[in-house]
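Read off the chains here:
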Amino acid sequence: VFHGRILARRVVGQETRYEVEVKAPYRHRFPLVSREYLWVPNTCGCPPLREAGEYLLMARRHVNHEHTLNRILLQDDGYARPWTPREARLVREAARHC
C-alpha cells in the first residue's frame, strides 16, 4: 500500500503501464523506489487513474516462474482510491494494528 502520483500512462500491448512517483509507502512487503512502473493487465483504464492524480494504491509484486519479469501489478479488482489526508490517516492507523 502506498501513496503515489501518476506521472504518465502508456498502453503496452494488452496492458497499461503507469509511471508513478512514490510519495509514501505505508505497508509493503517489497521495497519501493521513488519512481516505479505500475502495470494494469488491461487497456480499458480500469481502475481509472488520471495523470497528475494522487492515489492510495494497493498493488502486489509479480514475478514469473523464470524470474525474467519482476513488476508491480495492480489487478482489475485492486485498490486504487484518490489520496486524501483522511485516507492517509486511516491507512497509517490500520498499518499500526496489522
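Everything here concerns the structure above.
Definitions and cut-offs
- Residues numbered from 1 in each chain as written.
- Predicted model: local features only at pLDDT ≥ 70, side-chain atom pairs only at ≥ 80, totals over all residues.
- Heavy atoms only, no water.
- Helix = DSSP H or I, 4+ residues; strand = E, 2+ residues; numbered from the N terminus.
- Polar contact = N/O pair within 3.5 Å; in protein donor to acceptor, adjacent residues only side chain to side chain.
- Contact = heavy atoms within 4.5 Å.
- Buried < 20%, exposed > 50% of the residue type's maximum accessible area, 1.4 Å probe, protein only.
- Pairing = 2+ DSSP bridges.
- Core = buried A, V, L, I, M, F, W, Y, C linked by side-chain atoms within 4.5 Å.
- Axes fitted to C-alpha atoms, helices over the stretch in contact; angles between N-to-C directions.

1. Description of the side chain of Glu15
Stage number 1. Examined against the element boundaries, Glu15 turns out to sit in strand S2 (residues 15-25).
Stage number 2. In this structure the side chain of Glu15 is engaged in a polar contact, spanning 2.8 Å, whose partner is the side chain of Arg71.
Stage number 3. Excluding residues within four positions of it along the chain, Glu15 makes contact with Arg10, Trp39, Val40, Pro41, Asn42, Thr43 and Arg71.

2. Details of the environment of Ala88
Stage number 1. Relative to the helices and strands, Ala88 is located in helix H1 (residues 85-97).
Stage number 2. Residue classification places Ala88 among the buried positions, given a relative accessible area of 1%.
Stage number 3. When the C-alpha positions of Ala88 and Thr16 are compared, they lie 26 Å apart, and in sequence the two are 72 residues distant.
Stage number 4. In contact with Ala88, not counting residues within four places along its chain, are Tyr26 and Trp83.

3. Quick word on the pairing of strand S6 (residues 70-73)
If a strand is regular, its side chains alternate between the two faces of the sheet.
Stage number 1. Taken together, the two bridges between strand S3 (residues 35-40) and S6 define a ladder with parallel strand orientation. The partner of Leu38 across the bridge, within S6, is Ile72.
Stage number 2. Relative to S6, strand S5 (residues 60-63) is paired through four bridges, and the arrangement is antiparallel. Counted as the bridge partner of His62 is Arg71 from S6.

4. So, the nonpolar core
Stage number 1. Judged by nonpolar contacts, the single largest core of 15 residues is most densely connected at Tyr18, Leu38, Leu49 and Leu57.
Stage number 2. Looking at this core, the element that brings in the most residues is S2, giving three residues.
Stage number 3. With sequence-adjacent residues up to four places away left out, Leu49 is seen in contact with Ile6, Tyr18, Leu38, Tyr55, Leu57, Leu74 and Ala80.

5. Some thoughts on the sheet that holds S5
Stage number 1. Ordered in space as S5-S6-S3-S2-S1-S4-S7, the seven strands form an open sheet in which the pairing is mixed. Strands with a single pairing partner mark the edges of an open sheet, and in this sheet they are S5 and strand S7 (79-82). Averaged over all pairs of adjacent strands, the angle between strand axes in this sheet comes to 45°, irrespective of strand direction.

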